[in-house]
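Architecture and fold: a report
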Amino acid sequence: MASFRPKYITFDCYGTLTNFQMAEAARDLYSEQLDEPRMQEFIRNFAAYRLDEILGDWKPYAEVVHNSLERTCKRNGIKFRDEAARVVYERVPNWGPHADVPAGLAKVAKEIPLVILSNAMNSQIMSNVEKLGAPFHAVYTAEQAQAYKPRFKAFEYMLDMLGCGPEDILHCSSSFRYDLMSAHDLGIKNKVWVNRGHEPANPYYGYTEIKDISGLPGVVGL
């Protein structure tokens, strides 16, 4: 893929660029009530319910967090409180980038326009983007698309807004389930998996693997 120079490099934001800290939030709220094995189960359940909550019609991310946390508490025998969901949701704009992100992005941004497609609210995302240390050509949100990834509608919205096709972009993510599986099915052949340990490798989906964003310039020959 080193010879491929895309019109745009498109990114997942939370988890790939921004240090996604839902697990840390869950620990802060519930670790006193759960021993470590049960805490790990709680975190796994919370992640699964968040994915389940976004597969239907779009709804505000505050509702996604609220509903998924409530369902997780029920499954794990913990009393749910509305204020806990508000605490989690309100933390999101404060999250900063993984340490490797600013330098890697800045090098690529000098040559190729960068784009974000994020499962985010308009009111939250720019606070996270401002911390990434590089300019972005465009930032598209689930709120704008009225659909969350992994739904195709979110990706189609981004491509329509950019005025390009799947063959014109390189999509970069740390998640197969949210990004790379859908990208594959939509014909986005040029993909980068940032292996941050969130999910196991799955070579079927066709990608270049990097350990962090410092490896991205080399993928596009920079």
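Starting afresh in each chain, residues are numbered from 1 along the sequence in its written order. Given that the model is predicted, a residue must reach a pLDDT of at least 70 before its local features are reported, and side-chain atom pairs must reach 80 or more before they are shown or counted; all residues, however, enter totals for whole chains, interfaces and linings. Computation of side-chain values covers all heavy atoms of the structure but excludes hydrogens and water.

**Here's the deal with the sheet that holds strand E5 (residues 191-194)**
Strands in a sheet are paired, the pairing made by backbone hydrogen bonds, and the direction either parallel or antiparallel. The sheet built from 6 strands is open, its strands ordered E3-E2-E1-E4-E5-E6 with parallel pairing. The open sheet has two free edges, formed respectively by strand E3 (138-141) and strand E6 (208-210), since each of these has just one partner strand. With direction set aside, neighbouring strand axes in the sheet form an average angle of 20 degrees. In this analysis, two residues are considered to be in contact whenever any of their non-hydrogen atoms come within 4.5 Å of each other. A fitted line through C-alpha atoms represents every axis, and for helices the fit uses only the stretch in contact; the resulting angles, taken between N-to-C directions, go from 0 to 180 degrees. Secondary structure elements follow DSSP: runs of H or I of four or more residues count as helices, runs of E of two or more count as strands, with numbering from the N terminus. Of the strands in this sheet, strand E2 (114-118) and E3 touch helix H6 (residues 122-129), which is tilted by about 140 degrees from E3. By this definition, two strands are paired if DSSP reports at least two bridges between them.

**Details of the pairing of E5**
Only protein chains enter the accessibility calculation, which uses a 1.4 Å probe; a residue is then buried when its area is under 20% of its type maximum, exposed when over 50%, and partly exposed in between. Residue alternation in E5 divides its side chains into two sets, Lys191 and Trp193 and Val192 and Val194, and both sets are buried. Sheet analysis places strand E4 (residues 169-173) next to E5, joined by 3 bridges and oriented parallel. Note on E5: the bridge partner recorded for Cys172 is Val192. This β-α-β element, E4 to helix H9 (residues 176-185) to E5, shows right-handed connectivity. With 3 bridges joining them, E5 and E6 adopt parallel strand pairing. Note that in E6 the partner of Val194 across the bridge is Ile210. Crossovers are described as right-handed under a simple rule: with the strands pointing away from the observer, the path leading from the first strand over the helix to the second runs clockwise.

**Brief notes about the side chain of Thr141**
Inspection of the secondary structure puts Thr141 in strand E3. Setting aside chain neighbours within four positions, we find Thr141 in contact with Ser118, Ala120, Met121, Asn122 and Ile125.

**Brief notes about unusual backbone geometry**
In this structure, Pro150 follows Lys149 across a cis peptide bond, with omega equal to 15 degrees. Of note, Pro150 is situated in the loop between helix H7 (142-145) and helix H8 (152-162). In this structure, Gln146 takes a positive phi of about 60 degrees despite not being glycine.

**Remarks on the environment of Glu70**
Examined against the element boundaries, Glu70 turns out to sit in helix H3 (residues 61-76). The exposure class of Glu70 is partly exposed, given its relative accessible area of 36%. Between the C-alpha atoms of Glu70 and Phe46, which are 24 residues apart in sequence, the distance is 9.1 Å.

**A short note on the side chain of Glu53**
Mapped onto the secondary structure, Glu53 falls in helix H2 (residues 36-53). In protein, a polar contact means a hydrogen-donor-capable atom and an acceptor-capable atom, both N or O and within 3.5 Å, with residues adjacent in sequence counting only if both atoms are side-chain atoms; elsewhere, any N or O pair within 3.5 Å suffices. Of the polar contacts made by the side chain of Glu53, one reaches the side chain of Arg71; its length is 2.9 Å. Residues in contact with Glu53, not counting those within four places in the same chain, are Lys59, Val64, Asn67, Ser68 and Arg71.

**Regarding the domain arrangement of the protein**
A domain assignment, automatic or from a database, supplies the domain bounds used here. Parsing the protein into structural domains produces domain 1 (8-19 + 96-220) and domain 2 (21-94). With 20 residues of domain 1 at the interface, the matching set in domain 2 holds 17 residues. Take a side-chain nitrogen of Lys or Arg and a carboxyl oxygen of Asp or Glu: if they are within 4 Å of each other, that pair is a salt bridge. Inspection of the region where domain 1 meets domain 2 yields 0 salt bridges. The interface formed by domain 1 and domain 2 contains 10 residue pairs in polar contact (both at pLDDT 80 or more). Every element with two or more residues in the side of domain 1 that touches domain 2 is listed here: H6, H7 and H9.

**Some thoughts on the pattern of salt bridges**
Counted according to the given criterion, the structure contains 10 salt bridges. One salt bridge connects Asp168 with Lys7, and the closest N-O pair in it is separated by 3.9 Å. Of this pair, Asp168 sits in the loop between H8 and E4 while Lys7 sits in the segment before strand E1 (8-11); the two residues are 161 residues apart in sequence, bridging distant segments of the chain. Overall, the relative accessible area of 16% leaves Asp168 in the buried class. Between Arg91 and Asp28 there is a salt bridge whose closest N-O contact spans 2.9 Å. Placement of Arg91 in helix H4 (residues 82-91) and of Asp28 in helix H1 (residues 22-30) is noted, with a sequence separation of 63 residues between them. Three or more residues joined by partner-sharing salt bridges are found here, namely Asp52, Glu53, Lys59 and Arg71.

**Description of the packing of aromatic side chains**
Paired rings are identified among Phe, Tyr and Trp, the last through its six-membered ring, by centres lying within 6.5 Å, and are further divided according to the angle between planes into stacked (under 30 degrees), edge-to-face (over 60) and tilted (the rest). One pass over the full model with this rule turns up 14 aromatic pairs. Here Tyr14 and Trp95 contribute two aromatic rings whose centre-to-centre distance is 6.0 Å and whose plane-to-plane angle is 85 degrees, an arrangement assigned as edge-to-face. One end of the pair, Tyr14, is in the loop between E1 and H1; the other, Trp95, is in the loop between H4 and helix H5 (101-109), with 81 residues separating them in the sequence. You can call Trp95 buried: its relative accessible area is 4%. Any Lys NZ or Arg CZ found within 6 Å of a ring centre and within 35 degrees of that ring's normal is scored as a charge over the ring. Lying across the ring of Phe46, Arg50 places its NZ or CZ 4.5 Å from the centre.

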